[in-house]
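# Fold and geometry: a report
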Amino acid sequence: MHRPRPRPAPSRRGFLLTTAGAGTALGLAAVPAAAGTRRHPRPFGRYGSPAARRTPKTLYVDPHGRGDFTSVQAAVTATGGGGWTLVLAPGTYRETVSVDADRTGATWIGASGDPRDVVIVYDNAAGTPKPDGSGTYGTSGSATTTVRADGFTARSITFANDWLRADQPDWTGTQAVAIKVMGDRSAFHDCHFLGHQDTLYADTRDRSLFARQYYERCYVEGDVDFVFGRATAVYERCHFRTLTRTDLDAAPYGFVFAPSTAGANPRGYLVTHGRVTSEAPDGYYKLARPWVPSSDTTARPMLTVRETHLGAGIDAVAPYANMRDAYPWQEQRFSEYRNTGPGAAITVPENRPQLTRAEAATHTREAYLGDWRPYDWRR
């Protein structure tokens, strides 16, 4: 399993940006290269220079001006139709990025192969006023990156939102999304997602639509509902890390998952062969709570966590909680199977619904993703 390096002490915004060769890393400290070596002999690593590796539908992005564009959004805007590949050189891209629904089949690749080197980050929150005075951004509008198109793939990139509650302690709109993904067949390999509240929004374009998403060997961190939405999503061999908080002095600090699966959708979130760790005191986090939005009161949130290590940060006695008392978690579709670790201890059986072996056979990545096989790309 891909294991991020230990997190250093936070900076003012909760993340530490450190120079790493030709690029930067956000949130996770860089390990110096061995003496006499260079981590990035050229800005596009193994993908070569734009001149050497140009193809009709490949664009090179480099914040230092050594590619086709210096910003990700400029490169996205330049693409027409589908099937474009963006190769991102190491660097920090401080911008918001939006991929429209007609830009299907896009692939973004971090050139170095290390997600700490390629960081797309901004600091809007739900309560941030819009520049035109028309109100605040809201949760969806706070996203640093928004992907509406089907067939999107990202590899070795960090998506982040570094807005911090301490900057606006009186705000109630503290949701700050790193990425909102709405397209079907969206895949993320070896990516990092950094934020606090509502970090990874795995959703659909409309509640009547299904969207299959796959996250492999990814790292996600946050505090409140930091993996949420109504997509059908598989998280395989991912690391989820709960953060500590200085604005609260009692548990719970927050919740890892908040699915809002549409009632007609037979599949919600599947977490398999992953791990959940924490910076917070033992038992200060809930594993999940169901999100039944006011816009879709027929939602029946679904989450299955199987063969995953749950650290001591998870409250083992009562790992689930309600978001609204009118929709208790016991009436939703929450289940577990063969989890390990102190946070998985079954001390109160009625609080930990377990799948039988026969039921578990229907909760696999193949069952959730159907004829789409994004996990075969490494072969």
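The structure we're discussing is the one just above.
This report concerns the structure included in the present document. Residue indices follow the written sequence of each chain, beginning from 1 at its first position. A pLDDT threshold of at least 70 governs which residues receive local features in this predicted model, and a stricter bar of 80 or more applies before side-chain atom pairs are shown or counted, although totals over entire chains, interfaces and linings include all residues. In computing side-chain values, all of the structure's heavy atoms are included and hydrogens and water are not.

### Points about the environment of Ala-264
Put simply, DSSP marks the helices as runs of H or I at least four residues long and the strands as runs of E at least two long, and each gets a number from the N terminus on. For Ala-264, the location among the structural elements is in the loop between strand 21 (254-259) and strand 22 (269-272). Counting along the chain gives 57 residues from Ala-264 to Arg-207, while the straight-line C-alpha distance between them is 9.6 Å.

### Structural notes on the side chain of Thr-242
If you trace the backbone, Thr-242 turns up in strand 20 (residues 239-242). With a 1.4 Å probe rolled over the protein chains alone, any residue whose accessible area is under 20% of its type maximum counts as buried; one over 50% counts as exposed, and the rest are partly exposed. Residue Thr-242 is classed as buried on the basis of its relative accessible area of 1%. Here Ser-278 takes part through its side chain, which lies 2.6 Å from a polar atom of the side chain of Thr-242. With residues up to four places along the chain from it excluded, the contact list for Thr-242 reads Gly-222, Phe-226, Val-256, Thr-277, Ser-278, Glu-279, Ala-280 and Tyr-285. Within 3.5 Å is the distance limit for a polar contact, defined as a pair of N or O atoms, with the added protein rule that one can donate a hydrogen and the other accept it, and that residues adjacent in sequence qualify only through two side-chain atoms. By definition, residues are in contact when any of their heavy atoms lie within 4.5 Å.

### Here we look at unusual backbone geometry
In most cases, non-glycine residues show a negative phi, while peptide bonds are predominantly trans. The omega torsion across Ala-251 and Pro-252 is 0°, close enough to zero to call that bond cis. Along the polypeptide, Pro-252 turns up in the loop between strand 20 and strand 21. Unusually for a residue other than glycine, His-273 sits at a positive phi of about 55°. Within the element layout of this structure, His-273 appears in the loop between strand 22 and strand 23 (275-278). A positive phi is found at Arg-338, a non-glycine position, where the angle reads about 50°. Inspection of the secondary structure assignment puts Arg-338 in the loop between strand 27 (333-337) and helix 4 (357-360).

### A word on the pattern of salt bridges
Any Lys or Arg side-chain nitrogen found within 4 Å of a carboxyl oxygen on Asp or Glu counts as a salt bridge. Under the defined criterion, the tally for this structure stands at 23 salt bridges. For the salt bridge of Arg-94 with Asp-162, the shortest nitrogen-to-oxygen distance reads 2.4 Å. Here Arg-94 is found in strand 5 (residues 91-94), whereas its partner Asp-162 is found in the loop between strand 11 (158-161) and strand 12 (179-181), with 68 residues between them in sequence. Looking at Asp-162, the relative accessible area reads 3%, which means it is buried. The salt bridge partner of Arg-103 is Asp-102, with a shortest N-O separation of 3.6 Å. Several salt bridges converge on common partners, so that one network encompasses Asp-184, Arg-185, Arg-212 and Asp-371.

### Digging into the sheet that holds strand 9 (residues 145-147)
Being paired, for any two strands, means DSSP has found at least two bridges between them. Pairing within the open sheet is parallel, and its seven strands lie in the order 6-9-12-15-18-21-24. The two strands at the open ends of the sheet, each matched to only one other strand, are strand 6 (97-99) and strand 24 (285-288). Neighbour-to-neighbour, the strand axes of this sheet turn through a mean angle of 10°, independent of strand direction. Throughout, an axis means a line fitted to C-alpha atoms (over the contacting stretch in the case of helices), and angles, computed between N-to-C directions, take values from 0 to 180 degrees.

### Some points on the sheet that holds strand 19 (residues 232-236)
The sheet built from 10 strands is open, its strands ordered 3-4-7-10-13-16-19-22-25-27 with parallel pairing. For this open sheet the edge positions go to strand 3 (58-61) and strand 27, each flanked by a neighbour on one side alone. Taking each pair of neighbouring strands and ignoring which way they run, the sheet shows an average axis angle of 10°. Sheet topology note: the strand 22/strand 25 (residues 302-306) ladder contains four bridges and is parallel.

### Structural notes on the packing of aromatic side chains
Stacked, edge-to-face and tilted are the three classes for Phe, Tyr and Trp ring pairs, Trp counted by its six-membered ring, which pair at centre distances within 6.5 Å; planes under 30 degrees apart are stacked, over 60 edge-to-face, the rest tilted. Counted by the stated rule, this structure contains 23 aromatic pairs. A positively charged side chain is recorded as over a ring if its NZ (Lys) or CZ (Arg) lies within 6 Å of the ring centre. The angle to the ring normal must also be within 35 degrees. The ring of Tyr-375 has Arg-365 lying over it, and the distance from NZ or CZ to the ring centre is 3.8 Å.

### Here we look at the state of the cysteines
The criterion for a disulfide is a pair of cysteine sulfur atoms lying within 2.5 Å. Applying the stated criterion across every chain, the model contains zero disulfides. Left without a disulfide partner, Cys-218 is nearest to the cysteine sulfur of Cys-238, which lies 4.7 Å away. Note on Cys-238: relative accessible area 1%, which makes it buried.

### Topic: the pairing of strand 4 (residues 85-88)
Of the two faces of strand 4, the one carrying Thr-85 and Val-87 and the one carrying Leu-86 and Leu-88 are both buried. Relative to strand 4, strand 3 runs parallel, the two being bridged by four bridges. Bridged to Tyr-60 within strand 4 is Val-87. Pairing analysis gives four bridges linking strand 4 to strand 7 (residues 107-110), with the strands arranged parallel.

### Some points on the side chain of Arg-116
Secondary-structure assignment places Arg-116 in the loop between strand 7 and strand 8 (118-122). Arg-116 gets classed as buried once you look at its relative accessible area, which sits at 7%. Among the polar contacts made by the side chain of Arg-116, one reaches the side chain of Asp-114 at a distance of 2.7 Å.

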